[in-house]
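Spelled out, the chains give:
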2 protein chains.
Amino acid sequence: MKVVKFGGSSLASGKQLEKVFNIVNADPERKIIVVSAPGKRFSADNKVTDLLIACAEKRILGEAADDLAEAVLDRYSQIADELELGLDIKDMIREDLFTRLSSDTDDPEVFMDLIKASGEDNNAKLVAAYFQQQGVEARYVNPKEAGLLVSPEPGNAQVLPEAYENLYSLREQDGIIIFPGFFGYSRDGQVFTFSRSGSDVTGSILAGAAKADLYENFTDVDAVYSVNPFIVESPKEIKELTYREMRELSYAGFTVLHDEALVPAFRAGIPVQIKNTNNPSAPGTRIVNERDNTNGPVIGIASDQGFCSIYVGKYLMNREVGFGRKLLTILEEYGLSYEHTPSGIDDISIILRENQFTNGVEEEILSRIQHELHADEVKIQHSLSLIMVVGEGMRQNIGTMARASKALAKAKVNMEMINQGSSEVSMMFGVQAVDEKRAVQALYNEFFAAAAVV
Amino acid sequence: MKVVKFGGSSLASGKQLEKVFNIVNADPERKIIVVSAPGKRFSADNKVTDLLIACAEKRILGEAADDLAEAVLDRYSQIADELELGLDIKDMIREDLFTRLSSDTDDPEVFMDLIKASGEDNNAKLVAAYFQQQGVEARYVNPKEAGLLVSPEPGNAQVLPEAYENLYSLREQDGIIIFPGFFGYSRDGQVFTFSRSGSDVTGSILAGAAKADLYENFTDVDAVYSVNPFIVESPKEIKELTYREMRELSYAGFTVLHDEALVPAFRAGIPVQIKNTNNPSAPGTRIVNERDNTNGPVIGIASDQGFCSIYVGKYLMNREVGFGRKLLTILEEYGLSYEHTPSGIDDISIILRENQFTNGVEEEILSRIQHELHADEVKIQHSLSLIMVVGEGMRQNIGTMARASKALAKAKVNMEMINQGSSEVSMMFGVQAVDEKRAVQALYNEFFAAAAVV
């Protein structure tokens, strides 16, 4: 039995829904179908979820939002019309949306979640109606009915343990289940949404709860690439990678599937297959617990911008018990999380995401470090990028760092930082943002392009 | 004007004192002479300081220590006899030592410092007597008379700021000044010794205070080597290195001169020349604030054993504000200082010296980390060595890491850790202790032996 999730672009039009139907129909194992809200049909298009957010924001300000609501309804109508579904489903969706919009806005965050969730919820009803029209035994299942219980945290709901028991019974029901992604219900019956990649989270929870054999995640790419295709043209596709590799790559900007969304499936030991709705015969990328290590040491290279480094120098720092702790305490008082702390004998650098600094906080923190820790020197370097070179094969391969650093040196990239030694499946390089693309290209050439020639 | 310090092996016998006299006499700039206690004449010999410590320990236990005191006095007598100095100086030293030994032992640490300091103090008197006998204008100067004021911390005295003003006048006195190393006086007139390399500290303070042009430090090697001669045979000598390089190298086991001893000279901007009493025509090694960078990226390689790594893994660690701080707080509660903390996304490793663990503390700490931080995995790796590759030239040299890691890979050394990015003049590798020598040899071959061929 498979749990299958379709993303927004896979459900953006009637034509896309036909593809989805054919995919589901082609494999009797595809039983639980998780749907997103309709996404973009073309790059300038609006996602239904974004329209809904704008809609909710207007209502929270006490303004009318009928125009935006109509724009949302128009998306569903166009799909229904394309598929010749008739008026019933359209009326049902209209009534649902306006009922939600007329509800209490006293708690704006709760109201926002209620409105946002309608995108997936109504789309699941629409998809179910279409499947039924096609003569398939399919039905919309509401998360409340199914027992998808979550914590009452708006925009950041966490699944509750008892939800897994409740959801197991889904696998024993007849026919195909169409399940809306992105949200669940609190114990007192209110809607709360997951954080980003919310429909992926729902699919992952259902796959884990229903003990699926596979969690298929349909999106609009053929596979996860070994490197960002905006940096390297037509990069190698990854056929199989481990959860660990996926996690390390996601950290630095791999966005096909956010790794945290996979945790419930990962914990239940269920493999994930990423596939393309628009090219379902492509094998896609499989995410597994363990893999054969036959593809060389490196499976992927990811990079992300927007980091900075706070350098703190103080003579005899390494003798001073508590220095590092005091430094981190200052950061913690500002709610800052940090990524890495490379250190010398008398100095330490803190690497963190620079978007965490709000007005003036940066100067304040530097000044506090200087004075409270009696540092000799405190300075900050902006505009750094982190590059992750990832692969389970690295563990057995003694020369990977030599190859990586040689490739970077040849490309005249200065390594501001190297972090290697804690994770066994990755090495991290800090470079200046202007060098990022050149560095990634050089690493790709070393580990992938050269190998292809052989 | 030069401040010149002679180490224990340079003053171990009458023959050695003749060399010292000739060295001082050869250069009229050599004005302030700092002396250690007599050191070893051969490898199984006792240092006078060690005899004095044993002597003090016996007295603290309330036992007689006359045999050990006589062994100390015998060393001075032999030197005096060799140099035909007569009875006066021998009597003076005998009286001084027994006066000290009969003093109050109520505060054992204070008593210990008083006894230890006699080694240098009486040797300075002896050297002064010898210089005078040779017809040179020279006199013993006591640190109390000269105003070398220190904090009242037994075995760890710190020089007080006003000492520098007091000591400046030494440069204006006539003749050669023979000054005992290793100790100063508290404001209330008690003797307190510096920590290790105490005579180097005294020389460094006098050089700084008297605004010397050069601080010459005479020991028993021709130069500082680029690598440990027990690992690489006849390694390259270092002609010139910066304080920063010296500090980084000292950290990992370079023992010719402890870097902390150099701080007063460093702060005053005075260069240090390390020279060999037994081969004074050898140019030695010069330690400076800045140097021309004409010798390739690496100036030295040092390594040290006895480290361990505590690995802590926890999913989503990098999102958890305060995780690192909590981890370091646990270590701090046990008074442990750590060296480095390489980190991945969901894991962090703490590198620390394993001799800090006393019975059972290791298990206790691992268990506390596991439970208090809700870690997924906590484990410890023992018997690690750290290797420092040091050089100011690294800053401009983009390919140094590539060369180093390639050399290590070729030597089949697995890098457990790389720490690079905070210090601009070093990179650090963590390897298993069994691989240390092979790693150092490989790095030496890459950065020194190969260059010699070119």
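Residues numbered from 1 in each chain as written. Chains lettered and ligands numbered in written order. Predicted model: local features only at pLDDT ≥ 70, side-chain atom pairs only at ≥ 80, totals over all residues. Heavy atoms only, no water.

**Looking at the packing of helix H11 (residues 323-333) of chain A against helix H12 (residues 361-372) of chain A**
Residues and elements named next belong to chain A.
Line of reasoning, step 1. Running from N to C, H11 and H12 cross one another at 150°; their axes reach a closest spacing of 11 Å. It follows from the interaxial angle that H11 and H12 lie roughly antiparallel. Between H11 and H12 the crossing geometry is right-handed. On H12, the residues touching Leu-327, Ile-330, Leu-331 and Glu-333 of H11 are Ile-365, Arg-368, Ile-369 and Glu-372.
Line of reasoning, step 2. In the contact of H11 with H12, the residues fall into five nonpolar, no polar and three charged. (Axes fitted to C-alpha atoms, helices over the stretch in contact; angles between N-to-C directions. Helix = DSSP H or I, 4+ residues; strand = E, 2+ residues; numbered from the N terminus. Parallel < 35°, antiparallel > 145°, perpendicular 65-115°, else oblique. Left-handed = near helix turned anticlockwise from the far one by under 90°. Contact = heavy atoms within 4.5 Å. Nonpolar A, V, L, I, M, F, W, Y, C, P; charged D, E, K, R; others polar.)

**Let's talk about a negative patch on the surface**
Residues and elements named next belong to chain A.
Line of reasoning, step 1. On the surface, Asp-104, Asp-106, Asp-107 and Glu-109 cluster together into a negatively charged patch.
Line of reasoning, step 2. Tracing the chain through its elements places Asp-104 in the loop between helix H4 (87-101) and helix H5 (108-133).
Line of reasoning, step 3. Judged by relative accessible area, which is 52%, Asp-104 ranks as exposed. (Patch = residues over 30% accessible without salt bridge, like charges linked within 9 Å, V, L, I, M, F, W, Y side chains within 5 Å. Areas by Shrake-Rupley, 256 points an atom, 1.4 Å probe, with all protein chains shown as cover. Salt bridge = Lys/Arg side-chain N within 4 Å of Asp/Glu carboxyl O. Lys, Arg positive; Asp, Glu negative; His and termini not counted. Charge placed at Lys NZ, Arg CZ, Asp CG, Glu CD. Buried < 20%, exposed > 50% of the residue type's maximum accessible area, 1.4 Å probe, protein only.)

**Section: the side chain of Thr277(B)**
Line of reasoning, step 1. When you line up the elements, Thr277(B) lands in the loop between strand E11 (272-276) and strand E12 (285-288).
Line of reasoning, step 2. In this structure Thr277(B) touches Phe6(B), Ser10(B), Lys19(B), Val20(B), Ile23(B), Phe218(B) and Thr219(B), once residues within four positions along its chain are discounted.

**Regarding the environment of Val361(A)**
Line of reasoning, step 1. Mapped onto the elements, Val361(A) comes out in helix H12.
Line of reasoning, step 2. For Val361(A), a relative accessible area of 14% puts it in the buried group.

**Digging into the interface of chain B and chain A**
Line of reasoning, step 1. Facing 56 residues of chain B, the contacting portion of chain A comprises 56 residues.
Line of reasoning, step 2. Both sides of the chain B and chain A interface together cover about 4800 Å² of buried area, and 50% of this is carbon and sulfur.
Line of reasoning, step 3. The interface formed by chain B and chain A includes four salt bridges.
Line of reasoning, step 4. Put simply, Asp346(A) and Arg247(B) hold a salt bridge, and the shortest N to O gap is 2.5 Å.
Line of reasoning, step 5. For the pair chain B and chain A, the number of links is 14 residue pairs in polar contact (both at pLDDT 80 or more).
Line of reasoning, step 6. If you list the elements that add at least two residues to the side of chain B that touches chain A, you get helix H9 (243-251), helix H10 (263-267), helix H11 (323-333), strand E14 (347-353), helix H13 (400-410) and strand E16 (417-420) of chain B.
Line of reasoning, step 7. Residue classes in the side of chain B that touches chain A are distributed as 21 nonpolar, 20 polar and 15 charged.
Line of reasoning, step 8. The pairing of strand E16 (residues 417-420) of chain A with E16(B) spans three bridges and is classified as antiparallel. (Buried area = accessible area lost by both parts, 1.4 Å probe. Polar contact = N/O pair within 3.5 Å; in protein donor to acceptor, adjacent residues only side chain to side chain. Pairing = 2+ DSSP bridges.)

**Details of the relation of the copies chain B and chain A**
Line of reasoning, step 1. Once chain B is rotated about the relating axis by 179° and shifted along it by 0.0 Å, it coincides with chain A to within an RMSD of 0.2 Å. The relationship between the two copies is best expressed as a two-fold rotation axis.
Line of reasoning, step 2. By residue overlap, the copies meet face to face through one surface: 100% of the interface positions of chain B are interface positions in chain A. (Least-squares fit on C-alpha atoms with pLDDT ≥ 70 in both.)

**As for the domain arrangement of chain A**
Line of reasoning, step 1. Once the domains are mapped, chain A shows domain 1 (2-220) and domain 2 (300-453).
Line of reasoning, step 2. The distance between the C-alpha centroids of domain 1 of chain A and domain 2 of chain A comes to 40 Å. (Domains from an automatic or database assignment.)

**Things to note about the packing of aromatic side chains**
Residue and element names in this part refer to chain A.
Line of reasoning, step 1. Going through the model one piece at a time under the given rule, you end up with 14 aromatic pairs over all chains.
Line of reasoning, step 2. Here Tyr-130 and Phe-131 contribute two aromatic rings whose centre-to-centre distance is 6.1 Å and whose plane-to-plane angle is 75°, an arrangement assigned as edge-to-face. When sorted by exposure, Tyr-130 lands in the same class as Phe-131, which is buried.
Line of reasoning, step 3. Ring-pair connections join several aromatic residues into one group, and the members of that group are Phe-21, Tyr-130 and Phe-131.
Line of reasoning, step 4. It is Lys-379 that lies over the ring of Tyr-311; its NZ or CZ is 5.0 Å from the centre. (Phe/Tyr/Trp six-rings, centres within 6.5 Å; stacked < 30°, edge-to-face > 60°. Lys NZ or Arg CZ within 6 Å of the ring centre and 35° of its normal.)

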